[in-house]
Every structure is written in C-alpha cells, then in structure tokens.
Number of protein chains: 2
Amino acid sequence: MKKLINQPEDFVKESLAGMAIAHSDLIKVNYDPTYVYRATAPIPGKVAIISGGGSGHEPMHAGFVGKGMLDAACPGEVFTSPTPDQMLAAAQQVDGGAGILYIVKNYSGDVMNFEMATELARSEGIRVLNILIDDDVAVKDSLYTQGRRGVGTTVLAEKICGAAAEQGYDLPQIADLCRRVNLNGRSMGIALTSCTVPAKGTPTFTLSDRQMEIGIGIHGEPGRERIDLKSADEIAQRLTQTILDDTGYSRVVREWDENSGEWVDVELVDPPLQTGDRLLAFVNSMGGTPISELYLIYRQLAEICEQRGMLIVRNLIGPYITSLEMQGCSITLLKLDDELIRLWDAPVHTANLRWGM
Amino acid sequence: MKKLINQPEDFVKESLAGMAIAHSDLIKVNYDPTYVYRATAPIPGKVAIISGGGSGHEPMHAGFVGKGMLDAACPGEVFTSPTPDQMLAAAQQVDGGAGILYIVKNYSGDVMNFEMATELARSEGIRVLNILIDDDVAVKDSLYTQGRRGVGTTVLAEKICGAAAEQGYDLPQIADLCRRVNLNGRSMGIALTSCTVPAKGTPTFTLSDRQMEIGIGIHGEPGRERIDLKSADEIAQRLTQTILDDTGYSRVVREWDENSGEWVDVELVDPPLQTGDRLLAFVNSMGGTPISELYLIYRQLAEICEQRGMLIVRNLIGPYITSLEMQGCSITLLKLDDELIRLWDAPVHTANLRWGM
C-alpha cells in the first residue's frame, strides 16, 4: 500500500488535523464526535449548510467548509458513513437560528443517519431540512445505494447553496434550490485503476493493465461494464452522450414536510435537456489522474456539447470528489439558469475551492 | 499505460487545446511555435513574466498564465525543454514595452534555450532578463542538470513576480525579487511510484511495492537514496529537516548585465534560516497523491517548524508542480519578508491558481 500515512486507523483524524493547522483562519475541527466547521460559525440569521459522508473523497466535503460554501462537514472513516451524533453535534455548533440544510449523497447509510440526525436535531429545537443528491446516471441500485448514487453534483450543490445562504435565502428557498440543482445535474465516471482503503491495505477491486471500468462508483462500486481501455476521446464521448441522453429519471424521495410535521414521499423527475441549454461542465479527477489529462476530456466534451447546440458557460476542472488515489475521471453536467450562474459566480473561500476573495 | 490520452504524440497539444477552450476568458494558445499567453497581452507598460519547460508538470506553467502571474508559458513535449523559437515568439507576443523576465528552472536544456532566446529577443529590440531557479536541496549535479534542480520554488517565484509586475515594478526590480525568492526557497521531494512518459509508454523507473525514492527529481531523476517505505511522519521529518539544515549553498550563475551589455558570472549564496523566520510552506503532490495525504505531511512539517522556532505564516497545499501521475510529494519552504507576503497575498486569477478575484 503506497500512501503517505502513519497508522491506517489514524489516517482520517491526522489528515483533518493537518487541515485544521493549515487553514486555521477558515476552519476548526472537533473530534469525538468528529466534524469540521467554519471558524466564524454560528452566523446569526444565516441558514447553515452541512454535508458529510465517508472520507476518501477529498477535498469533498471538509475542503469546502468556509465562506460561501459549507458551514460544517461530517467525515466518516474512509468510505464509511458518518454517524448521527456527528451530524447532530455539527448542527448544534453552526446553527445560527435560521435552520440547517443537510445535503445528503444517496448512499443508504448516509441517508439513514442523516434522517436520524434530522429527528434528533428537531427534538432539540433546531429547524432542519435535508435534500438528497442522486445524480449518477451510470447505474440504478448499487452496492450501498438504492436508486442512483450521489456524486459530482454534490460539489456544485454545496457551492450554489452556500452562496444562497450567504445572500440571505431562507431555509425552504435553499432546500428548493438544492433540489433543483440535483434534478438538473447528471454525472458519470470511469476508473483506470482501483484504490486502496487504508484500513484494508489491498485494492478494492482489480483491473488488468488493459481494462477500465465504465460507470464506476466513488467507492469503487461496480459500474455498467468492464471493457478494454479506450482513448480519451472515446471515453469523453461515451460519458457525455450517456449523460446528455439521460432525461426523465424519476424517483420517490423522503423529505420532511414542515407544514404537516412529518416525512412525506415526493416523486421527483429530472427535467429534459434541450438545444440552447446553458451548462456548467465539471470534469473531475478520481484522485490519481493529473489535470493535464482532464483537459483532453474537456476538449472532447466541449465539442460534443457544441454539436448538440448546448453552451458550456461555466466549468470546473480538477480533483474535487475523489476516490483516494484512483486513476480515472467523472463528468458532471449541470443545466444552468440566471440564478444558478449568479450563485455559482459568488465569492467562495474554503480550503480547496476559492475565488473572489 | 493507463492514461486518459489519444495518440501519445498529440498529448501536449490536445491538453493545451482543452485548456484554451475551458479558459478562453484568461488565455490563448498559439501552435507552431507553441506557447500559452494571457488573453489581454500585451499590457502596455507592464513587465511581462514568461516561464516554460517540459510538459508533464501541470498545472505548472500553463495553468499559471493569467492576471497576477505569468504573461506566457512555453511548454515543451513531456519532460523535454521547449525551444528558443517558442520563447522568442512568446516574448514578441506579450512584450508591453517594459521588458520580459524569463523564469528558468535549472535544467541544462532549459538554461541553454532560454539564453539563446534572450539573445534573439534582444536582437529584436526586446529588453530581457532571465533568472534561474535552483532550489532542490536533494542533489547537486543530476541527470539533465548542472548544480541544483529547479523545482517547487518556481511556482512561488512565478506568483510573487507576477504580482510585482502587476503592481508596476520595473524589470531590474522584478529580476532582483525573483533572485531573492530563489535564494530563500528550498525544496525536496520523494516518490512512491514512477510515472510513464506517454511517448515512451513504460515507467521511467521502477520501485518495488516496498520502496520509495528520497530526493526524486520532477522527471523521475534519481534522488539521494532508495529506501524502504516510511511513514508519513518520517517522510515529513526527513524532508523538512534536510531543507531546514541546508544553508549557505553557493553557486555561480550566468546573468545578463545590462550596464556592460554582456553575460557575467555571478556568485550567489543562499542566506541562512534562523529562529523567528517567517515561512511559506508549500506541500506539493507529485500528481497521483491525493490532497488528504498531503495534509498528513503538512501536520508534521508544521510541528517541526514550530519546534525550531519558525513561524509558517502562509501555505500552499495541492498538486502544483507534478510529474504526470507519479505518487509522492515535495516540500518547499520559502523564507518570507513583509514585501514577499504582500506580493503573495495579491490577487491572482489563472486557470489553476486563483484568489482575490
């Protein structure tokens, strides 16, 4: 296992400790229960945005805590859901009286624990809503997941909702916004190599020197198929076309209804993509792929969008939602509107995403 | 060879083409000769900063072209020096009448070609100075290099000199500043794995599953020794201590003397590091190492600096000067003063380094 680590069981806490020292102007870290929070929290009157999930996807989520993005992040052990007590403690720490939005990636453990944390926080008088991200078009029902997995759109939702919170949107408005980002965001990824969870010490799966996995999950879950290595252009084509052709996905999600004071099942359907749509194109490294290769993917992706009459008006290119040292990439396309563009462009200052301040 | 590429011989140009499309607000790319330049260049009255070198170290240098950093970058093929005609054409493109500073990493091919370009540009009436970066404390005289190699301090020099140019410093002032950054910057790196040059298709060197290379060069050149894998803390200790104990390095460099109108040999000596010094700590990924691991290195590095009575007042953590998909890291420590801090903090907006705008 070739990693810069000490004892595998200390990996997450030591990495967070390094972050805390490096970015003490932005964040603080609490241990037992473990969460990372904005140094200036709570901010009175501002909705607080909290996310979380298994570690190993850095910089998501802890690297996105700061001005204009997350108020707190709850990291689990590598590829392991955080626990409700982490989520509750984070909510208590950052609640500024305007409520909390939990942004939850669709993995069964995350969903269950965030729902439990929602109940606990409410019983303590904290207003909480939670919105699910389920944007991975590769597969439906996977290891750890019922329905589609939550991947790249999470990063975009955290940025956009963080900006809205900064600008004074209230909790229902931000929940609606987050849901809209999720329904308009679609992702798919590929792996060239596996990754190794520190506590396990051996690769999560194996790929021969000539194989790649199409539709990989961010924990190394199986995708659609395992095929011979393709060129960057072919990979970009396959991912982009699959994403652009995927419309109308329908699912039922469980959301808290503040009016009735109970959980309700809501049917949500992805809106269509059309000629003339404006897109944010996010080309993401799985961790071990350098940025030079991502630009080859972007080049082909941009060409296909242009052929389809769609306009990429914003982009994000780099390692933002990773799978440890896995080589590979994912593409996320988010259909934009004027409001989403304005919120995307708003200043952000976190450890690992920053502009405008 | 597991990479996102098409034909290996097209890798550099296709990657640049992707950059140009993704960041058309910031940069333009010229082919034959190949260089990347700031979309708004030339900027009348501003000194232009140009760097360049072999590709494969992205985001350096093309990812640093933009506001507050480089005016142009000259990428060679992977791990291959760019040619004088690229450097000359870039200078002609971005010269705003206040002259050009070439920032040159100390590799024999780069040094020779930038000197030739300097002569050519001068013969065309462009004022040019060039400053060498030779900050790698690992080894003296290496594959491709006489003296010490130029590594991580290059990124810091490009940022700081770019800010100075933006603020109206003149050419000799910026050359002095760049020299000062180089003399006060020290780096060293390690590799856990090799990397594969696309045109070759096989790993540059081999390391067994239990080995690492201490003092690796950014082209995979041999370092000080090949040893059994160490823990993150031991690696951080070894790199940090070697850097902090390295003072007084003396070398003779060839610089253009504007007064006499000829090349002169100048002896330069690294100043000492002392208790109370303020440092910029730069922990860099070699490309394949995720940021979560870099924070473990930073944590130990910060502890050692504190023990030595030195204060880290700024940091940079991430993949900025890489070796394709190599796993490993490097540490650069730059001794700061008030002026360097002010220039480091100044706004920058490039494809791959951005803050304050």
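Please read these numbers as outputs of a predicted model, since none were measured by experiment.

## Quick word on the packing of aromatic side chains
Part 1 of the reasoning: This model, assessed by the stated rule, comprises 10 aromatic pairs over all chains.
Part 2 of the reasoning: Look at Trp256(A) and Trp263(A): their rings are 5.3 Å apart centre to centre, the planes differ by 85°, and that puts the pair in the edge-to-face class.
Part 3 of the reasoning: You can call Trp256(A) buried: its relative accessible area is 18%.
Part 4 of the reasoning: When its relative accessible area of 14% is taken as the criterion, Trp263(A) is described as buried.
Part 5 of the reasoning: Geometrically, the ring pair formed by Tyr35(B) and Tyr37(B) is tilted, given 5.6 Å between the ring centres and 45° between the ring planes.
Part 6 of the reasoning: Lying across the ring of Trp256(A), Arg122(A) places its NZ or CZ 3.6 Å from the centre.
Part 7 of the reasoning: Lying over the aromatic face of Tyr249(B), Arg148(B) brings its terminal NZ or CZ to 3.9 Å of the ring centre.

## Quick notes on the packing of helix 5 (residues 171-184) of chain A against helix 8 (residues 338-345) of chain A
Residue and element names in this part refer to chain A.
Part 1 of the reasoning: The interhelical angle for the contact between helix 5 and helix 8, taken along N-to-C directions, is 100°, at an axis separation of 12 Å. The angle between helix 5 and helix 8 falls in the class roughly perpendicular. Across the interface between the two elements, Leu177, Arg180 and Val181 from helix 5 touch Glu339, Leu340 and Leu343 from helix 8.
Part 2 of the reasoning: Of the residues contributing to the contact of helix 5 with helix 8, the split by class is four nonpolar, no polar and two charged.

## A short note on the sheet that holds strand 16 (residues 348-350) of chain A
Part 1 of the reasoning: Reading across the sheet, the three strands line up as 4-16-17 (chain A) and stay open at both edges, with antiparallel pairing between neighbours. A strand with exactly one partner marks an edge of an open sheet, and here the two such strands are strand 4 (66-67) and strand 17 (354-355) of chain A.

## Let's talk about the pairing of strand 9 (residues 211-214) of chain B
All names here are of chain B.
Part 1 of the reasoning: Note: strand 8 (residues 185-191) against strand 9, two bridges, orientation antiparallel. Among the inter-strand pairings, Ile190 is bridged to a residue of strand 9, identified as Ile214.
Part 2 of the reasoning: As defined by bridge partners, strand 9 adjoins strand 10 (residues 225-228) across four bridges and the pair is classed as antiparallel. The partner of Gln211 across the bridge, within strand 10, is Asp228.

## Observations concerning the domain arrangement of chain A
Accessible area lost upon the coming together of the parts is a frequently used measure of interface size.
Residues and elements named next belong to chain A.
Part 1 of the reasoning: If you check the domain split of chain A, you get domain 1 (11-186) and domain 2 (188-244 + 274-336).
Part 2 of the reasoning: Area buried by domain 1 at its contact with domain 2 is led by Phe79, Leu156 and Arg186, which between them contribute 24% of it.
Part 3 of the reasoning: The interface formed by domain 1 and domain 2 contains zero salt bridges.
Part 4 of the reasoning: If you look at where domain 1 meets domain 2, you find 11 residue pairs in polar contact (both at pLDDT 80 or more).
Part 5 of the reasoning: Elements supplying a minimum of two residues to the side of domain 1 that touches domain 2: helix 4 (153-166), helix 5 and strand 8 (185-191).

## Quick word on the sheet that holds strand 17 (residues 354-355) of chain B
All names here are of chain B.
Part 1 of the reasoning: Within the open sheet, the three strands sit side by side as 4-16-17. Their pairing is antiparallel. Of all strands in the sheet, those bounded by a partner on one side alone are strand 4 (66-67) and strand 17.
Part 2 of the reasoning: Relative to strand 16 (residues 348-350), strand 4 runs antiparallel, the two being bridged by two bridges. From the neighbouring strand, Lys67 faces strand 16, where its bridge partner is His349.

## Points about the state of the cysteines
Residues and elements named next belong to chain A.
Part 1 of the reasoning: By the definition in use, this model includes zero disulfides over all chains.
Part 2 of the reasoning: Looking at Cys195, it has no disulfide partner, and the nearest cysteine sulfur is the one in Cys329, 15 Å off.
Part 3 of the reasoning: Between Cys305, a cysteine without a disulfide, and Cys329, which holds the nearest cysteine sulfur, the sulfur-to-sulfur distance is 14 Å.
Part 4 of the reasoning: Residue classification places Cys305 among the buried positions, given a relative accessible area of 0%.

## Digging into helix 4 of chain A
All names here are of chain A.
Part 1 of the reasoning: Taking 1.5 Å of rise per residue, the 14 residues of helix 4 would be expected to cover 20 Å, and the 20 Å separating its terminal C-alpha atoms lies within 8% of that figure.
Part 2 of the reasoning: Across the 14 residues of helix 4, 13 count as buried, placing the element largely inside the fold.
Part 3 of the reasoning: Gly168 occupies a position one or two residues after helix 4 and carries a positive phi of about 95°.

## Let's talk about the interface of chain B and chain A
Part 1 of the reasoning: Each partner contributes residues to the interface: chain B has 55 residues there, and chain A has 55 residues.
Part 2 of the reasoning: Both sides together, the interface formed by chain B and chain A hides about 4400 Å², and carbon and sulfur atoms give 62% of it.
Part 3 of the reasoning: For the chain B face of the interface with chain A, the top three residues by lost area are Lys2(B), Leu4(B) and Tyr295(B), together amounting to 21%.
Part 4 of the reasoning: For the pair chain B and chain A, the interface holds two salt bridges.
Part 5 of the reasoning: Among the salt bridges present, the one from Glu14(B) reaches Arg299(A), with a minimum N-O distance of 3.8 Å.
Part 6 of the reasoning: On the surface where chain B and chain A come into contact, there are 28 residue pairs in polar contact (both at pLDDT 80 or more).
Part 7 of the reasoning: Those elements that provide at least two residues to the side of chain B that touches chain A are helix 1 (11-22), helix 6 (232-244), helix 7 (291-307), strand 14 (311-318) and strand 17 of chain B.
Part 8 of the reasoning: Examining the composition of the side of chain B that touches chain A, we find that nine residues originate from one element, helix 7 of chain B, more than from any other.
Part 9 of the reasoning: Counted by class, the side of chain B that touches chain A contains 28 nonpolar, 16 polar and 11 charged residues.

Cut-offs and rules
Residues numbered from 1 in each chain as written. Chains lettered and ligands numbered in written order. Predicted model: local features only at pLDDT ≥ 70, side-chain atom pairs only at ≥ 80, totals over all residues. Heavy atoms only, no water. Phe/Tyr/Trp six-rings, centres within 6.5 Å; stacked < 30°, edge-to-face > 60°. Buried < 20%, exposed > 50% of the residue type's maximum accessible area, 1.4 Å probe, protein only. Lys NZ or Arg CZ within 6 Å of the ring centre and 35° of its normal. Axes fitted to C-alpha atoms, helices over the stretch in contact; angles between N-to-C directions. Helix = DSSP H or I, 4+ residues; strand = E, 2+ residues; numbered from the N terminus. Parallel < 35°, antiparallel > 145°, perpendicular 65-115°, else oblique. Contact = heavy atoms within 4.5 Å. Nonpolar A, V, L, I, M, F, W, Y, C, P; charged D, E, K, R; others polar. Pairing = 2+ DSSP bridges. Domains from an automatic or database assignment. Buried area = accessible area lost by both parts, 1.4 Å probe. Salt bridge = Lys/Arg side-chain N within 4 Å of Asp/Glu carboxyl O. Polar contact = N/O pair within 3.5 Å; in protein donor to acceptor, adjacent residues only side chain to side chain. Disulfide = S-S within 2.5 Å. Expected span 1.5 Å × (residues − 1).

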